[in-house]
Amino acid sequence: PTRLPTPVPTEAPVLSTEEMIRSGWQKTVSVDEKYMIIFPELFRESKVEKTGQELIISYFCREDEFVKFRVMCQMQISLEEKLNEILGLGGVLLSGSAEEKQVICQWQENGMIYRGAFIEEMYSQALLGSVFGEQEQIIGVMQVSLSYPADKREIYETSEYNYYIMENGEE
């Protein structure tokens, strides 16, 4: 008998963002158009809220009202301040650092798990208007997060519920 070659594991091919979108994933762009955010297709409804220092775009899932995806820009706060807030809630830093201006954290609150990416940026006055005074650059944090019930973590902590943030123009 002829001996067959031993199979060697290889990494699964990574889909391009265009292939993901053709497969049903969704795409949005950050308020400063610097980042592209790819997220699962199950979020079919959205709501935009604006407060004095925040712009929040919340996406909802019809099949599970407790599952939410959110893109939020918070102005006049540093990543270090935001990270201290999350750690104060008992959250954990999964990767990154305040020095790198990007972190990924996970925390639990009121029976919900939150997995969020935080990126500190300097936003231009030309983008935001004069709401924050005469400063040409305003510090802020973009937060992208997925929240789901803690008792359903085995469902929502899988690759089909991941989201991806990449600098616009990169694959």
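What counts, and where the lines are drawn
Residues numbered from 1 in each chain as written. Predicted model: local features only at pLDDT ≥ 70, side-chain atom pairs only at ≥ 80, totals over all residues. Heavy atoms only, no water. Helix = DSSP H or I, 4+ residues; strand = E, 2+ residues; numbered from the N terminus. Pairing = 2+ DSSP bridges. Axes fitted to C-alpha atoms, helices over the stretch in contact; angles between N-to-C directions. Salt bridge = Lys/Arg side-chain N within 4 Å of Asp/Glu carboxyl O. Buried < 20%, exposed > 50% of the residue type's maximum accessible area, 1.4 Å probe, protein only.

## Regarding unusual backbone geometry
A positive phi angle, close to 60 degrees, is found at Gln 76, a residue other than glycine. Look at Lys 101: it is not a glycine, yet its phi comes out positive at around 70 degrees. Structurally, the position occupied by Lys 101 is in the loop between strand S6 (92-97) and strand S7 (102-109).

## With respect to the sheet that holds strand S10 (residues 164-167)
The 3 strands lie next to each other as S1-S2-S10, forming an open sheet whose pairing is antiparallel. With partners counted over all chains shown, the strands left at the sheet margins are strand S1 (26-29) and S10, one partner each. In this sheet, adjacent strand axes meet at a mean angle of 25 degrees when their direction is disregarded. Of the strand pairs in this sheet, S1 and strand S2 (residues 35-39) are connected by 4 bridges, and their pairing is antiparallel. The residue of S2 that forms the bridge with Lys 27 is Ile 38.

## Quick notes on the sheet that holds S7
Through backbone hydrogen bonds, the strands of a sheet pair up, either in parallel or in antiparallel fashion. Taken together, the 7 strands give an open sheet; going across it, the order is S3-S4-S5-S9-S8-S7-S6, and neighbouring strands pair in antiparallel fashion. Here the strands that pair on one side only, and so sit at the sheet edges, are strand S3 (43-50) and S6. Sheet twist, expressed as the average angle between the axes of neighbouring strands with direction ignored, equals 15 degrees. Note: strand S8 (residues 112-124) against strand S9 (residues 137-149), 13 bridges, orientation antiparallel.

## With respect to the pattern of salt bridges
Per the stated rule, a full pass over the model turns up 8 salt bridges. Notably, a salt bridge pairs Glu 85 with Lys 82, separated by 3.2 Å at the nearest N-O pair. Note that Glu 85 and Lys 82 are positioned in helix H2 (residues 79-88) at a spacing of 3 residues, about one turn of the helix. Accessibility expressed as a relative area gives 39% for Glu 85, which makes it partly exposed. By relative accessible area, which is 5% here, Lys 82 ends up buried.

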